[in-house]
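Residue-level listing of the chains:
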Amino acid sequence: MRQKTLDVLEFNKIKSLVAEETISDLGREKVQAMSPVSDYDTAVFQMNETDEISQIYNKYRLPSLSGLAKVTPLIHRATIGGVLNVMELNLIKHLVQVQNQFKTSYNQLLEEDEEVKYPILDDKMNQLPVLTDLFKEINDKCDTHDLFDHASYMLQGIRSKISSTNQRIRQNLDLIVKSQDNQKKLSDAIVTVRNDRNVIPVKAEYRQDFNGIVHDQSASGQTLYIEPSSVVEMNNQISHLRNDEAVERERILTELTGSVSVEADALIVAESVMGQIDFLTAKARYAHTIKGTKPTFNKERTVYLPNAFHPLLERDTVVANTIEFIEDIETVIITGPNTGGKTVTLKTLGLIIIMAQSGLLVPTLDGSQLSVFENVYCDIGDEQSIEQSLSTFSSHMKNIVDILHEADKNSLILFDELGAGTDPSEGAALAMSILDYVRNLGSLVMATTHYPELKAYSYNREGVMNASVEFDVDTLSPTYKLLMGVPGRSNAFDISKKLGLNLNIINKAKTMIGTDEQEINAMIESLEKNSKRVDQQRIELERLVREAENIHDELSKQYQQYQNYEKLLMNEAKEKANQRVKSATKEADEILKELRNLREHKGAEVKEHELIDKKKQLDNQYEATSIKQNVQKKKYDRINAGDEVKVLSYGQKGEVLELVDDEEAVVQMGIIKMKLPLEDLEKTKKKKEKPTKMVTRHHRQTIKTELDLRGYRYEEALVELDQYLDQAVLRNYEQVYIIHGKGTGALQKGVQQHLKKHKSVSHFRGGMPSEGGFGVTVVELK
């Protein structure tokens, strides 16, 4: 697609709006790379891909992709022997966490609604690798900015020694600074740090009173920062311990980086899939803001955009128009007044096609249809000043020459004010000649013009149709309505009359124009009226067709249910009948056996072939298909519409819908409606229906990874905690945060005692300072 076309149609603004909806750099990079494709299969796939995620976005709540970031450079550095720091490892952890949460949410969605099918998204979810072990390894050892103390036994021991040594140093220095003898010798009664050493601020004149090392002095030189000799050795110990800590820290980070390197290929796949999900979700969010719909792509050349509007114009004020190239029409010429919306119509058509071929839902009503174009060419300019007419014409003509050189039958060409900027007669002739040329190429063309000669252009050429933008003479302003099939007519006389021009002047002017032109204007006026009437009829017809389709679908569904129910009843009846025949056959066998015994022992005159015939008659009853029963009527009450009756021949209960005559009635039995004789119906008493309770099933909401219990009573807090842990386990959370606050510590103690006994808790710990300190308990779930 030509970059000039994308610039003129302002596709970059659309991309910017989509980019604003992304979460990560991965999504933004894909938006920036987004461009229209010319391959039919690719265009269809992209559109289906966007439509699937849009359906989910509009119907359900998608999980957040917050924390998703580009990690390919980090993975590359890990594979070539580099060492990742804690912040970088956390980015990789967040990638795995985001993919796991999205996949879990997607699987829950499928469980809740088994009828939905998302084949493209299913394939992406199947591509996501299992990286739970890597996530757990990083999560267990890395805090937000540093390694946990428990990342290794060695690190925990080193940090414990550093902490205890620091505490001894502080105690020692506190004794010095709080001594009454030293109060006047110190600039301030505090312990501070210089060059990573604990020091005290001493006034310069008392330097000799303190044995130790001077590490710094104030800008005025009045204060010296001295490390007393009593703590020098302990500070040296801390320095050594810090070095040991750095070595152990580097070892742990190297080990974690090695784990990342092992899963490098899987992580790259996860990044690619989740980046695409972010990109598609941004498309879905943008489509929601413009109320975008999915167009259908056809291999035959088609353009049908019902109620299309320009997505960059204000949604509340923009006028929607149906843009259509009907069958066998290749060229549409739009005429009408300035600022009437002709140029916007061209830009709307071009931009919607580019959006669709870029996989974006388009701003139209449902049912839009498009073909895939190799290229969209446009010659659209806004320079209309008289002083620049020559340069404007030259600029436009140069662009048109380039278009005619590259265009073919798979192209869409948009001409704005074709032939303008030169002598009207020459411009009109040139415009018609250019249109003839592109028609011979087979390109699809939409052009706007002011030339009246082009109004008659479509009447002597096949494949060309006129259109116009409507002008309201009463308000002297355009309505921005597009009228397909109707050329624009001159409104000069009507406007002049509305503005108060003398009628004599107007009438004389009418006599000066040719009869043909007057007849053309009258014809155009008639066409406008007919077009509006046809449009109204078409809208009504489409509504009736939709209603008919809905009724047809409902009837087909009910008929299928009726057939299934009828088949079920017949099968049940046959089964019952066969059971009865089987029982009778068994009984007959017993009788036959007894008869043979009689004949053998007592000489009874019973012939063998007679016995066999009787048994065969019983066996043949297995093929009986009638489920009717011969039951005599016991009650002869008068039957009316609405009565509940028993249908004697079928043994079923039903309700009388209507009486056909004195002998027959229409009866509803379940989903079966039958016309039956009144003598086959026996009136029964209606039973009172017990009220049924309706239980509404709500969609499960995604819960947070933290539970705030502050303000709860002790018993209420434990109940809330149990419910929350059950929900967290169902959503496969591995770690959650219980916020109980510090207070008196009673709630904290109660929560932790309860966690010790809970079957879903693996272990728990107090929160780090960055997590909320003693006011938070971090729980690891099984």
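Note: the structure precedes this text.
Since this is a predicted model, take the numbers as computed values, not measurements.

Enquirer: Can you help me understand unusual backbone geometry in this one?
Expert: Leaving glycine out, the prevailing phi sign among residues is negative, and the prevailing peptide bond configuration is trans. Phi is positive for Lys 291, close to 55°, though the residue is something other than glycine. Owing to a relative accessible area of 58%, Lys 291 belongs among the exposed residues under this scheme. Within the chain, Glu 417 stands out as a residue other than glycine whose phi angle is a positive 55°. Its place among the elements puts Glu 417 in the loop between strand S11 (411-415) and helix H14 (424-441). Take Glu 417: its relative accessible area is 16%, and that puts it in the buried class.

Enquirer: Whenever I open this one, the sheet that holds strand S4 (residues 223-228) confuses me. Can you help?
Expert: Across a sheet, strands are paired by hydrogen bonds formed along the backbone, either parallel or antiparallel in direction. On the basis of which strands lie adjacent, the open sheet formed by 4 strands has the order S1-S2-S4-S3 and antiparallel pairing. Taken across any chain shown, the strands that pair with only one partner, and hence form the sheet edges, are strand S1 (192-194) and strand S3 (212-217). Taking each pair of neighbouring strands and ignoring which way they run, the sheet shows an average axis angle of 50°. Contacts between helix H9 (residues 153-177) and the sheet are confined to S1, strand S2 (197-203) and S4, with S2 contributing the most and set at about 10° to the helix. Together, S2, S3 and S4 form the strand contacts of helix H10 (residues 229-262), whose direction differs from that of S4 by roughly 75°.

Enquirer: Explanation requested: the pairing of strand S6 (residues 303-308) in the structure shown.
Expert: A regular strand places its side chains so that they alternate between the two faces of the sheet. Among the 6 residues that make up S6, 5 are buried, leaving the element largely enclosed by the rest of the structure. As paired elements, S6 and strand S7 (residues 321-325) share 4 bridges and run antiparallel to each other. Looking across to S7, one finds that Val 303 is bridged to Phe 325. Across 2 bridges, S6 lies against strand S9 (residues 369-371) in antiparallel orientation. Bridge pairing links Tyr 304 to Gln 369 in S9.

Enquirer: Would you explain the side chain of Gln 735 in this entry?
Expert: Among the secondary structure elements, Gln 735 is positioned in strand S21 (residues 735-739). For Gln 735, the side chain forms a polar contact with the side chain of Asn 139, separated by 3.2 Å. Apart from the residues lying within four places of it in its own chain, the contact partners of Gln 735 are Asn 139, Thr 705, Val 778, Val 779 and Glu 780.

Enquirer: What should I look at first to understand the packing of helix H6 (residues 86-112) against helix H11 (residues 264-290) in this one?
Expert: Helix-helix packing: each pair is described by the crossing angle between the helix axes and the interaxial distance. Orientation of H6 relative to H11, taken along the N-to-C sense of each, is 60°, at an axis distance of 10 Å. By the angle class used here, H6 and H11 are oblique. Our pair here, H6 against H11, has a crossing hand that is left-handed. Taken together, the residues of H11 that come into contact with H6 (itself represented by Ile 92, Leu 95, Val 96, Val 98, Gln 99 and Phe 102) are Leu 267, Ala 270, Glu 271, Met 274 and Ile 277. Residues that form the contact of H6 with H11 fall into these classes: 9 nonpolar, 1 polar and 1 charged.

Enquirer: Please explain the packing of aromatic side chains as it appears in this structure.
Expert: Centre-to-centre distance and the angle between the planes together describe a pair of aromatic rings. Enumeration over the complete set of coordinates arrives at 1 aromatic pair. Stacked on the ring of Tyr 225, the Lys or Arg Arg 194 has its end atom at 4.1 Å from the ring centre. One cation-aromatic arrangement involves Arg 315 over Phe 309; the distance from NZ or CZ to the ring centre is 4.0 Å.

Enquirer: Is there a simple way to think about the environment of Gln 652 in this case?
Expert: Summarising the element assignment, Gln 652 is placed in strand S16 (residues 652-659). With relative accessibility at 34%, the residue Gln 652 sits in the partly exposed group. Each C-alpha atom of the pair Gln 652 and Gly 670 lies 9.2 Å from the other, and the pair is 18 residues apart in sequence. Ignoring any residue separated from it by four or fewer positions in sequence, one finds Gln 652 in contact with Val 645, Lys 646, Val 647 and Met 669.

Enquirer: Please clarify how empty space enclosed by the protein should be interpreted in this entry.
Expert: Rolled over the atoms, a probe as big as a water molecule pinpoints where empty space is left. Counting across every chain of the model gives 2 cavities of 30 Å³ or more. In terms of residue count, the dominant contributor to the lining of the largest cavity is helix H13 (residues 389-406) (4 residues). By residue class, the composition of the lining of the largest cavity is 5 nonpolar, 2 polar and 3 charged. Reported here for the second largest cavity is a volume of approximately 30 Å³. Residue lining of the second largest cavity: Leu 62, Pro 63, Leu 65, Phe 102, Thr 281 and Arg 285, and that is the complete set.

The rules we used
- Residues numbered from 1 in each chain as written.
- Predicted model: local features only at pLDDT ≥ 70, side-chain atom pairs only at ≥ 80, totals over all residues.
- Heavy atoms only, no water.
- Buried < 20%, exposed > 50% of the residue type's maximum accessible area, 1.4 Å probe, protein only.
- Helix = DSSP H or I, 4+ residues; strand = E, 2+ residues; numbered from the N terminus.
- Pairing = 2+ DSSP bridges.
- Axes fitted to C-alpha atoms, helices over the stretch in contact; angles between N-to-C directions.
- Contact = heavy atoms within 4.5 Å.
- Polar contact = N/O pair within 3.5 Å; in protein donor to acceptor, adjacent residues only side chain to side chain.
- Parallel < 35°, antiparallel > 145°, perpendicular 65-115°, else oblique.
- Left-handed = near helix turned anticlockwise from the far one by under 90°.
- Nonpolar A, V, L, I, M, F, W, Y, C, P; charged D, E, K, R; others polar.
- Phe/Tyr/Trp six-rings, centres within 6.5 Å; stacked < 30°, edge-to-face > 60°.
- Lys NZ or Arg CZ within 6 Å of the ring centre and 35° of its normal.
- 1 Å grid on protein atoms, 1.4 Å probe; cavity = no way out; pocket = protein on both sides within 12 Å on 5 of 7 lines; lining within 4 Å.
- Points joined across faces, edges and corners; volume = space filled by probe spheres on them.

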